[in-house]
Amino acid sequence: PIKAVAEARTVVGKITEPTGRTDKGLIDTQPPRGTRDFFPEDMRLRNWLFGEFAAVSTAFGFEQFDAPVLESEELFVRKAGEEITDQLYNFEDKGQRRVALRPELTPSLARLVLQRGRTLPLPAKWFAIGQCWRYERMTRGRRREHYQWNMDIVGVAGVEAEAELLAAIVTFFERVGLSKDDVGVKVSSRKVLQSVLTQYGVPPESFARVCIIVDKLDKLPRDKVEEELRVLGVPPATIDGVLSALSIRSLEELSRLLGPDSEAVADLTRLFQLAEGYGYKDWLVFDPSVVRGLAYYTGIVFEGFDREGKLRAICGGGRYDRLLGAFGGDNAPMAGFGFGDAVIVELLKEKGKLPAPPHRVDDVVVPLDTALRPAASGIASRLRRAGRSVDLVLENKKMKWAFKHAEKLNASRLVLVGASEWERGKVVVKDLAKFHQEEVPVEDLI
Ligand SMILES: OCc1cccc(Br)n1
């Protein structure tokens with residue numbers, strides 16, 4: 001047995017106690033494939049980022065909602081060949097129910113809107129920050145989860161909704177220190193593609209699938225995209241028509257192609273006019289090749305991008321006026337965006353703008369001998385009730401250690417509970433920034 005324990009010690013390392021795991025080796029301490037742990041330093045960054053998401057949402061008067069990560073699979077079963085549904089993290093639970101880890105938040109939002117039905121006051125402006133999942137074959141070693149910030153407006157049919165959502169995205173970029181020289185937002189409308197396909201007599205039921213294939217243009221070679229369109233039954237002439245429309249780079253040109261009464265031209269013209277009013281027009285780029293990869297978009301679509309073109313889309317969104325109908329409900333106009341927590345961090349890191357929020361406390365409280373531990377605990381409670389963050393030293397430590405500890409915690413003050421001062425109803429408060437100390441009566445301590 002001694003030898004076995006000794007062996008176990010080597011396998012399990014310093015955490016093995018005599019009662020440690022001697023039958024097996026150390027558990028796998030890595031998180032499941034494609035997922036991340038958030039150690040405290042990671043959580044501080046994540047809390048900062050989510051704090052920025054929430055601050056922008058609040059500045060725009062949005063209310064926060066959430067829904068289960070686990071949803072009925074039926075919410076995400078769409079037949080448009082989207083990557084997001086091809087990679088659904090779905091399974092059958094112990095009650096033989098078909099369920100899935102949500103790959104996005106929008107269908108859950110739609111479910112909640114339908115749940116409220118006519119009782120939901122419109123317009124509703126809701127936001128969420130939630131973990132979303134995909135089951136990616138690890139061949140590409142990509143992540144299987146990320147956190148996504150969503151903002152959505154329900155009940156506004158005009159592009160004023162999209163203009164407000166774009167303003168929120170620009171506000172976020174400015175808050176985190178990115179300028180229009182670092183990032184931009186490509187804007188288009190699916191009505192462009194819809195008009196072209198209609199001109200070529202492509203049946204409306206193929207529209208969503210064509211969009212999903214065209215969305216792959218920035219990921220697949222053009223001939224692969226053309227092949228997929230051909231397989232879908234889109235004739236070569238139509239393919240050329242579609243692809244040439246996507247190379248247009250001005251609304252004037254678009255107007256010449258689609259005609260003066262085009263809804264797409266009217267929507268986009270209005271959107272750029274509103275953007276001028278908000279003051280973020282220079283952040284926008286009209287780019288009809290932007291179609292986004294979600295089947296349910298019906299109008300304006302947009303995506304945030306880094307001007308150096310090194311990274312994947314930073315965020316994306318658009319109008320989706322028929323999602324409630326797809327779930328069997330009455331349609332209501334809806335528009336929104338999703339903003340992931342990964343690309344933005346890569347971009348901020350690259351731009352040297354990624355904060356590294358330190359762990360800090362306001363006060364470190366130290367009893368200078370064991371008999372004073374109850375007194376020190378009382379001091380810590382008093383300070384905490386006053387709203388201070390307090391690290392109470394829980395073991396008997398010397399002054400030298402306490403100083404180093406307070407420094408490590410970036411503490412503002414070191415509060416020493418010593419016998420002679422305590423007898424006089426006082427404690428010693430050392431201001432660590434001003435190298436100044438004073439005896440403070442306990443009743444005055446805050
Ligand atoms: O944006 C697509 C997506 C969905 C779920 C999880 C991850 Br990682 N990525």
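As the structure is a computational prediction, the values presented were derived from the model and not from experiment.

### Points about helix 13 (residues 343-350)
Move 1: If you check which residues of helix 13 are buried, you get Val343, Ile344, Val345, Leu347 and Leu348.
Move 2: Residues of helix 13 that are buried sit in contact with helix 2 (40-59), helix 5 (160-175), strand 7 (183-189), strand 9 (300-306) and strand 11 (334-340).
Move 3: Positive backbone phi, at 65°, marks Gly352, one or two positions downstream of helix 13.

### Observations concerning the pairing of strand 15 (residues 426-431)
Move 1: Burial of strand 15 is extensive: five of the six residues sit out of reach of the surface.
Move 2: With four bridges joining them, strand 14 (residues 413-417) and strand 15 adopt antiparallel strand pairing. When the bridges of strand 15 are listed, Leu416 appears paired with Val428.
Move 3: One ladder, built from six bridges, connects strand 15 with strand 16 (residues 436-441); its direction is antiparallel. Bridge assignment links Val427 to a residue of strand 16, and that residue is Val440.

### Quick word on the state of the cysteines
Move 1: Taken as a whole and judged by the stated rule, the model has zero disulfides.
Move 2: This cysteine, Cys132, is not joined by any disulfide, and Cys315 carries the nearest cysteine sulfur, 15 Å off.
Move 3: Looking at Cys132, the relative accessible area reads 2%, which means it is buried.

### A closer look at the side chain of Thr35
Move 1: Structurally, Thr35 can be placed in the loop between helix 1 (2-12) and helix 2.
Move 2: Contacts of Thr35, omitting those with residues within four sequence positions, involve Trp133 and Glu145.

### Digging into the nonpolar core
Move 1: Core analysis: the largest hydrophobic core is formed by 76 residues, its most contacted members being Trp149, Phe172, Phe173, Phe339 and Ile344.
Move 2: At 10 residues, the largest contribution of residues to this core is made by helix 5.
Move 3: The residues touching Ile344, leaving out its near neighbours within four places in the chain, are Leu49, Phe172, Phe173, Leu178, Ile314 and Phe339.
Move 4: By size, the runner-up hydrophobic cluster in this structure holds 23 residues, among which are Leu109, Ala128, Val290 and Tyr297.

### Things to note about the sheet that holds strand 15
Move 1: Overall, mixed pairing links the five strands, which are arranged 13-12-14-15-16 in an open sheet. Each edge of the open sheet carries a strand with a single partner, namely strand 13 (390-392) and strand 16. Averaged over all adjacent pairs, the angle separating strand axes in this sheet is 25°, with direction ignored.
Move 2: Pairing of strand 12 (residues 363-367) with strand 14 involves five bridges; the strand directions are parallel. Bridged to Val365 within strand 14 is Val415.
Move 3: In the packing of helix 15 (residues 399-408) onto the sheet, the strands contacted are strand 12, strand 13, strand 14 and strand 15, and the crossing angle to strand 14 comes to about 155°.

### With respect to the packing of helix 2 against helix 5
Move 1: In contact at an axis separation of 10 Å, helix 2 and helix 5 are set at 140° when each is read in the N-to-C sense. Judged by the angle between their axes, helix 2 and helix 5 are oblique. At the point where helix 2 passes helix 5, the crossing takes the right-handed sense. Of the residues in helix 5, those touching helix 2 at Leu49, Glu52, Phe53, Ala55 and Val56 are Ala168, Thr171, Phe172 and Arg175.
Move 2: Here the residues of the contact of helix 2 with helix 5 are counted per class, giving six nonpolar, one polar and two charged.

### Let's talk about the confidence of the model for the chain
Move 1: For the chain, the average pLDDT comes to 94, and 95% of its residues sit at 70 or higher.
Move 2: Counting contacts from residues 4-16, a segment whose pLDDT is below 50, to residues more than four positions away or on other chains yields 13 contacts.
Move 3: Confidence estimates for the predicted assembly give a pTM of 0.92 and an ipTM of 0.98.

### Considering helix 15
Move 1: When helix 15 is considered as a whole, its buried residues turn out to be Ala402, His405 and Ala406. The arc that holds every buried residue of helix 15, seen down its axis, measures 100°, which confines them to one face. Exposed residues lying more than 90 degrees from the buried face of helix 15 are Lys400, Glu407 and Lys408.
Move 2: On its buried face, helix 15 is in contact with strand 12, strand 13 and strand 14.
Move 3: Backbone geometry just after helix 15 places Asn410 at a positive phi near 50°.

### Focus on unusual backbone geometry
Among all residues save glycine, negative phi is the norm, and among peptide bonds the norm is trans.
Move 1: Of note, the amide linkage connecting Leu122 to Pro123 takes the cis form, showing an omega dihedral of 0°.
Move 2: Among the structural elements, Pro123 can be located in the loop between helix 4 (106-116) and strand 5 (124-133).
Move 3: Of note, Gln96 is a non-glycine position whose phi angle comes to about 60°, a positive value.
Move 4: Along the polypeptide, Gln96 turns up in the loop between strand 3 (89-92) and strand 4 (98-101).
Move 5: For Gln96, a relative accessible area of 57% puts it in the exposed group.

### Details of the environment of Asp218
Move 1: Along the chain, Asp218 turns up in the loop between helix 7 (207-214) and helix 8 (222-231).
Move 2: With a relative accessible area of 56%, Asp218 lands in the exposed category.
Move 3: In this structure, the C-alpha to C-alpha distance between Asp218 and Arg142, residues 76 residues apart in sequence, is 18 Å.
Move 4: Within the structure, the side chain of Asp218 is placed 3.2 Å from the side chain of Lys219, a separation counted as a polar contact.

### Details of the packing of aromatic side chains
Move 1: What the rule picks out here adds up to 20 aromatic pairs.
Move 2: Geometrically, the ring pair formed by Phe50 and Phe53 is stacked, given 6.0 Å between the ring centres and 20° between the ring planes. Taken together, the positions of Phe50 and Phe53, both in helix 2 and three residues apart, correspond to about one turn of that helix.
Move 3: In this structure Phe50 comes out as buried when scored by relative accessible area, which is 14%.
Move 4: Grouping aromatic residues by their ring pairs yields a cluster made of Phe38, Phe50, Phe53, Tyr147, Trp149, Phe172, Phe173, Trp283, Phe337 and Phe339.
Move 5: Positioned above the aromatic ring of Tyr147 is the side chain of Arg46, whose terminal nitrogen or guanidinium carbon lies 4.2 Å from the ring centre.
Move 6: For Lys397, the ring lying beneath its charged end belongs to Trp401, and the centroid distance is 4.8 Å.

About the cut-offs
- Residues numbered from 1 in each chain as written.
- Predicted model: local features only at pLDDT ≥ 70, side-chain atom pairs only at ≥ 80, totals over all residues.
- Heavy atoms only, no water.
- Buried < 20%, exposed > 50% of the residue type's maximum accessible area, 1.4 Å probe, protein only.
- Helix = DSSP H or I, 4+ residues; strand = E, 2+ residues; numbered from the N terminus.
- Contact = heavy atoms within 4.5 Å.
- Pairing = 2+ DSSP bridges.
- Disulfide = S-S within 2.5 Å.
- Core = buried A, V, L, I, M, F, W, Y, C linked by side-chain atoms within 4.5 Å.
- Axes fitted to C-alpha atoms, helices over the stretch in contact; angles between N-to-C directions.
- Parallel < 35°, antiparallel > 145°, perpendicular 65-115°, else oblique.
- Left-handed = near helix turned anticlockwise from the far one by under 90°.
- Nonpolar A, V, L, I, M, F, W, Y, C, P; charged D, E, K, R; others polar.
- pLDDT = per-residue confidence, 0-100.
- Arc of directions from axis to C-beta.
- Polar contact = N/O pair within 3.5 Å; in protein donor to acceptor, adjacent residues only side chain to side chain.
- Phe/Tyr/Trp six-rings, centres within 6.5 Å; stacked < 30°, edge-to-face > 60°.
- Lys NZ or Arg CZ within 6 Å of the ring centre and 35° of its normal.

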